[in-house]
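# Descriptive structure summary
Read off the chains here:
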Amino acid sequence: MGFSGSSAEQYVGAYYTGRHASDPTGEMAPPVLLRAGAGPQNNIDSLGRNRWGDYSYTTLDPVGEERIWTIQEYAHSDNTWGTWIASFDFDCNENGVDDDQDIASGNSGDCDANRIPDECDPQADCNANGAQDICDIAAGNSADCNANRIPDPCESPDDCNANGVQDICDLAAGTARDCNLNGTLDECDLGAGASSDCNSNAVPDECERREDCNYNGVADLCDLAQGTSPDCNANGRPDECDLYVCGPPSGICGGIGDCCDPAGHGGLGCGCSRCCQAVCALDSYCCAVAWDDLCALEAQQSGECDCGQSSYSHDCNANDVPDECDIASGASADCNGNGTPDECDPDFDCNSNGTQDICDVAAGTSADCNGNEVPDECEAQEDCNANGIQDICDIAAGSSIDCNGNIIPDECDVASGTSQDCNGNHRPDECEPQIDCNANGVLDSCDLAGGTSNDCNGNGTPDECDIYDCGVPFGTCSGDGDCCRAAVGGRPGCGCRRCCQAVCTLAPDCCNFMWDGLCAWLAGILADCDCGSPQGWSHDCNDNSIPDECDVADGTSADCNGNVRPDECEPADDCNSDGVQDICDIASGAAGDCNGNGVPDSCEANLDCNSNGQQDICDVASGDSFDCNLNEVPDECENDCNGNHVLDECEIGVADPQGRNHCEDAEPVCSGRTYSGTTRLGDSDGGASCGASTNSPDVWYLYIPAATGVLNLELCGSSYDTVLSLHTGCPGNEGNEVACNDDHCGYHSSISVAVSAGRRYWIRISGFYGASGGYLLAVNGPACLTTRLDCDQNGVPDECDPDCNENQTPDPCDILAGTSWDCDFDDLPDECETDCNQNAWPDDCELASGARDCNGNRVPDDCETDADEDVVIDVCDNCPSAVNPQQLDGDGDGEGDACDLCPRDFANDRDGDGSCDSDEECPDDPRKVVAGQCGCGIPDDDSDDDSVADCVDMCVNADDRLFAPGCVGAIPAASQWGLIVLALTLATAAKLRYGLPRAHSAQ
């Protein structure tokens, strides 16, 4: 460690020290002097400081860390500093062994126990006795009176004062001094005439203060010692320097007014050149822009300004002698002891007795009962109340009051009729508060005294003025809304003329530009606005011009529930139809109201979901059942999917919620976490008792402890001046406030408060006096009921949601987080869906992207049977047994050409005779392809084998005897010709249609 050091005998020098890791804690090695100081230091800068230590630095050598470099300041000469650069290490003999180990092992001596091997200490042996000087001194063989590690016999033997002690030892012991550091004792300098001592104080003049305030070339102390300057007040300064000579302002100091007071200046500077120039030299603003509070403060702190704090003297009679010296010497009288010579005091002698009035009063020859330095005999002699005492003395003594300052006791003003006293309190009406709240031209106190106004509540204000009458806004006050809250949307004005006008008188922007947090704050502190603060307002809900509290107090109105609001102004509900208002039924105990909502229990829904014989609302109100979601249904009757006795929706919390603008939307928070956000976008949704924050922008959080304990909330680290409050109701206000804090960690807030299990607590974050900004909220306390997550915000704790891949994350949340894909957007991870071909692409998604599904069964075709492997599955293949990827079907009969016997014939082979219908004459006759002799459907039988079908043969039993008259089995003669004709006709027809050669070709 490098440092500067000094002592009573040593000027400031540069030193170093160090320690080993094994050294006791807090101990360093003895300091080692690097460079001794050579002179005193009294360097005063422009700010009045004697600075030192700007240059101090110690670091390891960048090449070898065994060596340490240090840069330190030292006193180079009188009032001149220098820097000394040095290095040191802990292996001074560079033998590779730590110095302490060298000494401990005996390899090196350390005669002076300074933990530096002797071979590394200076090797001087000034007395040539074979031992180092440092060892001579350490062993006591040589004295070293000035501890400079040089034996005294080797030092200068001078003993200029002949006292038998070396001069160096005189200096070391403090028995002599050498203030000018010339190596000679001061007394010897003086004795030899080398130094003068004008004031004979045994200190050379060059060592004394060298002020020369009168600039005569002689130090002030010598002026005083030689009598060339008097010092009548013995303050060590010539009298001519004591006198405060202001001088008229000039140049840049062309102002007027008291330099010590910022008020009443007609421009730049002030009225005293001496003071003005001193201040403006430090702060040019005072002579360039304006003489403000800071200029006045600088004047008060300046030695050149007489602001009642300086040591300057005045010379009112201009005799070049300080006034106090004139008085002390008797050259001037000061009969009243005010420090001003009488000749400078006002020269009044009102009683013409040849003595100044102030001296008459001071000597007691004249009384001055009112202390105005005017003898009483010179004042008016009136004694209007005839008590034997002058009125001025009555007033001065306090035995009479003079409230209107006309030097007449009030009782005389009233008695003479000079002043009225309408209320008979012996106080002139003009001294009463000049309030005429009802604007009838009569003071309120007189209205009350004369009975023209009543004061039923005895608050000294006419009843008609107690009643808060808002009035319809108009003119500049044309807004709407609550005057006590910042307007949403920034509209100007508010909804109450009386309040609006009062605020806008002070802050016109509230009616011209925007009704903001400042306007609302002003409304909160002004008596013309009823903002829930103690303004003393009364209300008149029944419009009978009598304050409500008076109606109630005198029995004009009943107040069954004691809320100082007449019953006729309360809700007229009578839900149980017993002829008594519900509020009165409840107040008298005739009806219960377990949840305190102003509705008799008998009129509430008679639900008892847990079948415990008590209404659900009363279970909740009494605390027998929790109702974490505030729906007046006991939690045990609602959904609890995981069976942990905590309602699902109350378990659900958001990972890092932002504070909400409105209390009813507050997000739940949990212990051990930090939440961040901003109040800049919020409006005021509540109030608190501290930090002037009622109208500040705010945000809200909700905390529900699972156990009783202590909750700690902190806003340390926020970016603005915060206010933090905790409430048991929503919206939070002073009425339901648990705790409030403005400043804890700087301008940031902190709360520590006991909380109860299951109870709801609303956290309000706002700012001081309208401030807003970014916040960091740290929450620490009992575990909360909002620890479960609901990542998909479906109102069901995640652990109760489907988790098809069993990764402890609900399926929709896997998808939201990107840990699972959902290609068909059905909230089911792809890995959980059917993938018939195992290509990591769910079937539905393949189909959606264009995969074939020819039969529409939601199964990709490549997962179904394709026997002929023609990329057309069997169920869709028009020829499953033959490869036909084109699926050609020329006749459109649904059978592919590849396996269709009749590819161009839709009907194919109706009669099943193995011949395509398009290729035969008898497609419906399985026995024929051509019509033959008999036609389709008739067999061409030839019984007699005569090549003539029986159907046309006239002699079916005789060969070629068609017309033979004696055919066996011949057709009867009667019909013979008919048959012949028929046969010829058919034959002809056949020939015409088919041609006979075709018919024969079949044989």
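Scroll up a little and you will see the structure.
Because the structure is predicted, anything quoted here is derived from the model rather than measured. (Residues numbered from 1 in each chain as written. Predicted model: local features only at pLDDT ≥ 70, side-chain atom pairs only at ≥ 80, totals over all residues. Heavy atoms only, no water.)

## Structural notes on the overall build of the protein
Each helix and strand counted, the protein has 26 helices and 17 strands in total. Computed over C-alpha atoms, the radius of gyration of the protein comes to 60 Å, more than 25% over the 30 Å expected from 2.2 N^0.38 for 1003 residues, which places it beyond the range of a compact globule. In terms of overall dimensions, the protein has C-alpha extents of about 205 × 115 × 70 Å along its principal axes. Looking at the protein as a whole, 35% of its 1003 residues are labelled buried. (Helix = DSSP H or I, 4+ residues; strand = E, 2+ residues; numbered from the N terminus. Rg over C-alpha atoms; globule rule 2.2 N^0.38 Å. Buried < 20%, exposed > 50% of the residue type's maximum accessible area, 1.4 Å probe, protein only.)

## Some remarks on the side chain of S749
Tracing the sequence through the fold places S749 in the loop between β13 (737-741) and β14 (750-755). The buried category is assigned to S749, whose relative accessible area is 0%. At 2.6 Å, the side chain of S749 and the backbone oxygen of D742 are in polar contact. In contact with S749, not counting residues within four places along its chain, are L713, E714, L715, C716, T722, V723, L724, N741, D742 and H744. (Polar contact = N/O pair within 3.5 Å; in protein donor to acceptor, adjacent residues only side chain to side chain. Contact = heavy atoms within 4.5 Å.)

## Focus: the pairing of strand β2 (residues 10-16)
Taken residue by residue, a regular strand's side chains alternate between the two faces of the sheet. Of all seven residues in β2, five are buried, a share of seventy percent or more. Direction of pairing for strand β1 (residues 2-7) relative to β2: antiparallel, over a ladder of five bridges. Note that in β2 the partner of S4 across the bridge is A14. Two successive antiparallel strands, β1 and β2, enclose a turn made up of two residues. In this sheet, strand β3 (residues 32-35) lies alongside β2 in antiparallel orientation, the contact comprising three bridges. Each residue of the ladder has a partner; that of Y16, found in β3, is V32. (Pairing = 2+ DSSP bridges.)

## Let's talk about the packing of aromatic side chains
For the coordinates displayed, the defined rule picks out seven aromatic pairs. Consider the rings of Y675 and Y701, whose centres lie 5.7 Å apart with planes at 45°: the pair is tilted. Of this pair, Y675 sits in strand β9 (residues 673-678) while Y701 sits in strand β10 (residues 699-703), placing them 26 residues apart in sequence. Taken as a pair, Y675 and Y701 share a single burial class, namely buried. Aromatic rings pair up to connect W521, F768 and Y769 into one cluster. (Phe/Tyr/Trp six-rings, centres within 6.5 Å; stacked < 30°, edge-to-face > 60°.)

## Let's talk about helix α9 (residues 293-301)
Residues of α9 that are buried include every one of C295, A296, E298 and A299, and no others. Along the axis of α9, the buried residues cluster in a sector spanning 160°; they form a single face. Exposed residues pointing more than 90 degrees away from the buried face of α9 are listed as D293 and Q301. Packed against the buried residues of α9 are α7 (273-282) and α8 (285-288). At the N-terminal end of α9, a side-chain oxygen is found 3.2 Å from the backbone nitrogen of L294, two or three residues along, and the residue is D292. (Arc of directions from axis to C-beta.)

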